[in-house]
Amino acid sequence: MKLSPSLALTLPLISGGAVAADLSVKFELPQLNVAEYHKPYVAMWIEKADGAVASTLAVLYDVKKKDNAGEKWVKDMRTWWRKAGREAQLPIDGVSGATRAAGTHTMSFGPARTGIDKLPAGDYKLVVEAAREAGGRELVRVPFTLPAKGKVAATANGKEELGAVSLNIQ
């Protein structure tokens, strides 16, 4: 299955009972003017107010390397690795995917896989972390609240490895 190049999540949100809403996210991987450019590994997750991982949404790395050699560098996404990756058995069905080239990307996640429909009302963050071989590492957090009341839009900007990261809840 090929994923389109901008990130859209369809996640149910809680409002008294379980009510479906769309959460769309876009993230940008800038083209860097460096001698040796490698596509970044990217991890995305929903983080609770206390910093714990509520749900890992995506782990994008070189999944096609011979003998799973791409997994060796996943721990360079240090924040995700320390919070959730150490206990993960890669590849994770429905979560692991290939790295992405520079540009704006979109991915879709079903509510059954994310578990967000089971989260209590409160403050959360969408977290996107990127790490690049022979490059840097960056983390962007975009806060949001469940249940969403009306439309919600939030944006955060990276400085080097990530560009704009935005979410919209409708």
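Everything below is about the structure printed above this text.
All residue numbers refer to positions counted from 1 along the written sequence of the respective chain. The predicted nature of this model means local features are confined to residues of pLDDT at least 70 and side-chain atom pairs, given and counted, to a pLDDT of 80 or more, with totals for whole chains, interfaces and linings taken over all residues. In computing side-chain values, all of the structure's heavy atoms are included and hydrogens and water are not.

(A) Seen up close, the side chain of T99. Its place among the elements puts T99 in the loop between β5 (96-97) and β6 (103-105). Contacts: residue pairs with any heavy atoms within 4.5 Å of one another. If near-sequence neighbours (up to four positions away) are discounted, T99 is found in contact with K39, P40, Y41, L60, Y61 and D62. A helix here means a DSSP run of H or I that spans at least four residues, while a strand means a run of E at least two residues long, and both kinds are numbered starting from the N terminus.

(B) The pairing of strand β4 (residues 53-60), seen in detail. Remark: exposure states derive from per-residue accessible area (1.4 Å probe, protein chains only) relative to the maximum for the residue type, with buried under 20%, exposed over 50%, and partly exposed in between. Burial runs high along β4: six of the eight residues are buried. Strands qualify as paired when DSSP identifies two bridges or more between them. Pairing of strand β3 (residues 41-48) with β4, which is carried by six bridges, proceeds in the antiparallel orientation. Bridge pairing links V42 to L60 in β4. Between β3 and β4, which follow one another and run antiparallel, lie four residues, and G51 among them has a positive phi close to 95 degrees. Where β4 and β5 come together, two bridges link them in parallel fashion. Note on β5: the bridge partner recorded for V59 is S96. Handedness is read with the strands pointing away from the viewer; a crossover is right-handed when the path from the first strand over the helix to the second is clockwise. Crossover β4 to β5 through helix α1 (residues 78-85) is right-handed.

(C) Here's a closer look at the nonpolar core. Joining through side-chain atoms within 4.5 Å is the link that ties buried Ala, Val, Leu, Ile, Met, Phe, Trp, Tyr and Cys residues into a set, and such a set is a nonpolar core. With 25 residues, the main nonpolar core has V42, M44, L126, V142, F144, V165 and L167 as its most contacted residues. The set of elements that each furnish at least two residues to this core consists of β2 (17-29), β3, β4, β7 (122-131), β8 (137-146), β9 (152-157) and β10 (164-169). Grouped together as the second largest cluster of nonpolar side chains are 13 residues, A43, Y61, A84 and A131 included.

(D) Main features of α1. Of all the residues in α1, the buried ones are T79, W80, A84 and G85. Projected down its long axis, α1 shows its buried positions confined to an angular sector of 150 degrees, all on one face. What the arc measures is the spread of directions leading from the helix axis to the C-beta atoms.

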